[in-house]
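# Observations on the model geometry
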Amino acid sequence: MTLNKAMIIGNVGRDPEVKHLDKGLAVVTLPIATTERFKDKNGELREQTEWHNVVFWRSLAEFVERHVRKGSQVFVEGRLRTKSWEDQSGQKKYATEIVADVIRLLGKRSDNDNNNNSYSQQESKPNTGISDSIDDIDDDLPF
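All of these numbers come straight from a predicted model, not from anything done at the bench. (Residues numbered from 1 in each chain as written. Predicted model: local features only at pLDDT ≥ 70, side-chain atom pairs only at ≥ 80, totals over all residues. Heavy atoms only, no water.)

## Considering the overall build of the chain
Stated formally: Helix and strand assignments come from DSSP, with helices taken as H or I runs of at least 4 residues and strands as E runs of at least 2, each series counted from the N terminus. For the exposure calls, accessible area comes from a 1.4 Å probe over protein chains only, and a residue counts as buried if that area is under 20% of its type's maximum, exposed if over 50%, partly exposed in between. The criterion used for residue contact is that any of the two residues' heavy atoms lie within 4.5 Å.
Helix and strand content of the chain: one helix and seven strands. When the elements of the chain are put in sequence order from the N terminus, they spell out β-β-β-β-α-β-β-β. Taking all 143 residues of the chain together, the buried fraction comes to 34%. Taking the contacts inside the chain whose residues are at least 6 apart along the sequence as the reference set, 53% of them involve residues at least 24 apart.

## Regarding the nonpolar core
Stated precisely, the cut-off is as follows: Here, nonpolar core refers to any group of buried Ala, Val, Leu, Ile, Met, Phe, Trp, Tyr and Cys residues whose side-chain atoms link them within 4.5 Å.
Ranked by internal contacts, the top residues of the largest apolar core, which has 21 residues, are V54, F56, V76 and I103. Going through the elements one at a time, β1 (6–12), β3 (26–39), β4 (45–57), α1 (58–67), β5 (73–86) and β6 (92–105) are the ones with two or more residues in this core. If we skip the residues at most four places from it in the chain, F56 touches A26, V27, V28, L30, A61, V64, V76, A100 and I103.

## Points about the pairing of β6
As a reminder, the rule being used: Note on pairing: two strands pair once DSSP finds at least 2 bridges between them.
By the bridge criterion, three bridges tie β4 to β6 in an arrangement that is parallel. In the sheet register, V54 faces β6, and the bridge partner there is I98. Alignment of β5 against β6, held across 13 bridges, turns out to be antiparallel. Within β6, the position partnered with E77 by the bridge is V102.

## Here's the deal with the pairing of β5
Relative to β5, β1 runs antiparallel, the two sharing six bridges. Within β5, the residue paired with I8 across the bridge is V76. Hairpin connection between β5 and β6: a loop of five residues separates the two successive antiparallel strands, and G90 in this loop has a positive phi of roughly 85 degrees.

## Brief notes about a negative patch on the surface
Inclusion rule: Each patch is built from salt-bridge-free residues with over 30% relative accessible area, joining like charges within 9 Å and nonpolar side chains (Val, Leu, Ile, Met, Phe, Trp, Tyr) within 5 Å. Accessible surface is estimated by sampling points in the Shrake-Rupley manner with a 1.4 Å probe; for residues, cover comes only from the protein chains shown. The rule for a salt bridge is simple: a side-chain nitrogen of Lys or Arg has to be within 4 Å of a carboxyl oxygen of Asp or Glu. Charge counting treats Lys and Arg as positive and Asp and Glu as negative, with His and both chain ends excluded. Charged groups are reduced to one reference atom each: NZ for lysine, CZ for arginine, CG for aspartic acid, CD for glutamic acid.
On the surface, a cluster of negative charge is made up of D15, E17, E62 and E65. Its place among the elements puts E17 in the loop between β1 and β2 (19–20). Owing to a relative accessible area of 57%, E17 belongs among the exposed residues under this scheme.

## Concerning the pattern of salt bridges
Side-chain pairing between opposite charges can occur once the charged atoms of the two side chains come close. Counted according to the given criterion, the structure contains eight salt bridges. Beyond isolated ion pairs, a larger network of salt bridges with shared partners links D40, E44 and R46.

## Regarding the environment of L3
Tracing the sequence through the fold places L3 in the segment before β1. Residue classification places L3 among the exposed residues on the basis of a relative accessible area of 74%. The spatial distance from the C-alpha of L3 to the C-alpha of R79 is 8.8 Å, given a sequence separation of 76 residues.

## Here's the deal with the confidence of the model for the chain
One rule of thumb: low pLDDT means the predicted coordinates there are not for detailed reading. Worth spelling out the cut-off: Values of pLDDT, the confidence the predictor places in each residue, fall between 0 and 100.
Taken residue by residue, the chain gives an average pLDDT of 83. The fraction at 70 or more is 75%. Considering each helix and strand of the chain separately, the mean pLDDT is smallest for strand β7 (residues 118–120), with a value of 62, and largest for β1, with 97. Across residues 124–143 the pLDDT falls below 50, and counting only partners more than four positions away or on other chains, this stretch makes 25 contacts in the model.

In structure tokens form, the structure reads like this:
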């Protein structure tokens, strides 16, 4: 058995642009930044940002084009894929990217275009039944 799973929460680095390949196949590639905050050996707060290339295909790409903007905070789940090629000097180069299966918009609902805040490649339409904020939970809970 094997497992290839990646999950990140980060901020989108630019507005998405959908490209249509052969037969209208939609694809979006976005840079998403994750930032680690830590104290160094002198006790000073430091930040280290890692950029991830994330690829969205088909209807997921179209959802991203409609609802995601530069600066949006998102949760992405997918799998890692490494591509290789030779540069002009014949050197072998590698790039690792996340091929997304799920995206969830985070932050306040007013930050998003509408209430469609989650989408997965397996779904036929966005999932709007999940609360994305503790403020959205009904106060009439039985406990």
